[in-house]
Amino acid sequence: MNSNDLRHVLTTTRAIRRRLDYDRPVDLAVLGECLQLALQAPTGGGAEDWRWVVVADPALKADLAALYLEAYLEHVHKPLHSAEGTAHRTVRGRLGGVGADGRVDPRTARILDGAEHLAHNIGRAPYLVIPCATRPNPAHGGAGTHSAVYGSLYPAIWQFNLALRTRGLGTCITTLHLHHAERAAALLGIPADALQITLLPVAYTVGTDFRPAARRPVGEVAYLDRWGTPLPYEDQPWGETHA
């Protein structure tokens, strides 16, 4: 992979679940480089109100993995395997590729299979990284506060994903452990006024041959001036560029 090809990096950085190499060590300095690149992302008010908890200790990872699996079984596996299936209130509307009969298409089935695999193996990743926001408190803010909080973190989180990709590593943005955020905070000494945003398992990937995902064309999801008026754009082949 040419890590200097920005288009290639942008179109092949995937959510990695089944292809994390749990047995290959990752030098902490490499992870540090990726965080250094991530911190070049914009942050609201220039506050740099992010904090990153990097968990390497096997016992702590095992404890976090247990919280993650507990949440997965309760909020994903159990509902999907109930009589209601994809119509269960916990998962209804949260999955793409669900037919009128409630069955999932092959792509969504692969995603769910990967989620199951990750839930049972996440603690094996060399590192578990938890980005946190330290201000402003959404509970005390006005309109836009939630957007400001997450908007100050997610650009850096995604930049971290891209940096990992250029070094042959991968991750997956997960949120299930947040069902037990207080227990996770107690494990890691995270203060009560720090908001955990996500959990990222970090490992080298098994192979680097990732491809662009199948996505709806721009004209179906982007509007011009008013909702429902398609943006007049025809998707280009990935090998072409506009001058």
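(A) The overall build of the protein, seen in detail. A count of helices and strands for the protein gives seven helices and six strands. Here the protein has a C-alpha radius of gyration of 19 Å; the compact-globule value for 243 residues is 18 Å, and the two agree. When the 243 residues of the protein are sorted by exposure, 36% land in the buried category. Partitioning the contacts of the protein with sequence separation of at least 6, the portion at a separation of at least 24 is 75%. Accessible surface computed for the protein: about 14100 Å², of which carbon and sulfur atoms make up 53%. Across the protein, the 24 positively charged side chains and the 24 negatively charged ones have centroids separated by 3 Å.

(B) Spotlight on the pattern of salt bridges. A complete count under the given rule lists five salt bridges for this structure. Here E70 and R183 are joined by a salt bridge, their closest N and O atoms 3.3 Å apart. Of this pair, E70 sits in helix α3 (residues 58-80) while R183 sits in helix α6 (residues 181-188), placing them 113 residues apart in sequence. E70 gets classed as partly exposed once you look at its relative accessible area, which sits at 36%.

(C) How the structure looks around the packing of α3 against helix α4 (residues 106-121). Interaxial distance between α3 and α4 falls to 9 Å at its minimum, and their mutual angle equals 150 degrees. Taken together, α3 and α4 sit at an angle that is classed as roughly antiparallel. Judged by the twist between their axes, the crossing of α3 over α4 is left-handed. Residues Y68, L69, Y72, H77 and L80 of α3 form the contact with α4, whose own contacting residues are L112, A115, E116, L118, A119 and H120. Counted by class, the contact of α3 with α4 contains eight nonpolar, two polar and one charged residues.

(D) View of a nonpolar patch on the surface. On the surface, L6, L10, Y150, Y154, W158 and I173 cluster together to form a nonpolar patch covering roughly 530 Å² of accessible area. Along the chain, Y154 falls in helix α5 (residues 145-166). Look at Y154 and you get partly exposed, because its relative accessible area is 30%.

(E) Quick peek at the nonpolar core. Membership of the largest hydrophobic core comes to 29 residues, with the highest contact counts inside it found for L64, L118, I122 and L128. Counting only elements with at least two residues in this core, the list comes to α3, α4, β3 (127-133) and α6. Of the residues forming this core, the biggest block, seven residues, is contributed by α3. The residues touching I122, leaving out its near neighbours within four places in the chain, are A65, Y68, L128, L199 and P201. Judged by nonpolar contacts, the second largest core, of 24 residues, contains A38, Y127, V129 and L153.

So, how was this worked out
Residues numbered from 1 in each chain as written. Predicted model: local features only at pLDDT ≥ 70, side-chain atom pairs only at ≥ 80, totals over all residues. Heavy atoms only, no water. Helix = DSSP H or I, 4+ residues; strand = E, 2+ residues; numbered from the N terminus. Rg over C-alpha atoms; globule rule 2.2 N^0.38 Å. Buried < 20%, exposed > 50% of the residue type's maximum accessible area, 1.4 Å probe, protein only. Contact = heavy atoms within 4.5 Å. Areas by Shrake-Rupley, 256 points an atom, 1.4 Å probe, with all protein chains shown as cover. Lys, Arg positive; Asp, Glu negative; His and termini not counted. Charge placed at Lys NZ, Arg CZ, Asp CG, Glu CD. Salt bridge = Lys/Arg side-chain N within 4 Å of Asp/Glu carboxyl O. Axes fitted to C-alpha atoms, helices over the stretch in contact; angles between N-to-C directions. Parallel < 35°, antiparallel > 145°, perpendicular 65-115°, else oblique. Left-handed = near helix turned anticlockwise from the far one by under 90°. Nonpolar A, V, L, I, M, F, W, Y, C, P; charged D, E, K, R; others polar. Patch = residues over 30% accessible without salt bridge, like charges linked within 9 Å, V, L, I, M, F, W, Y side chains within 5 Å. Core = buried A, V, L, I, M, F, W, Y, C linked by side-chain atoms within 4.5 Å.

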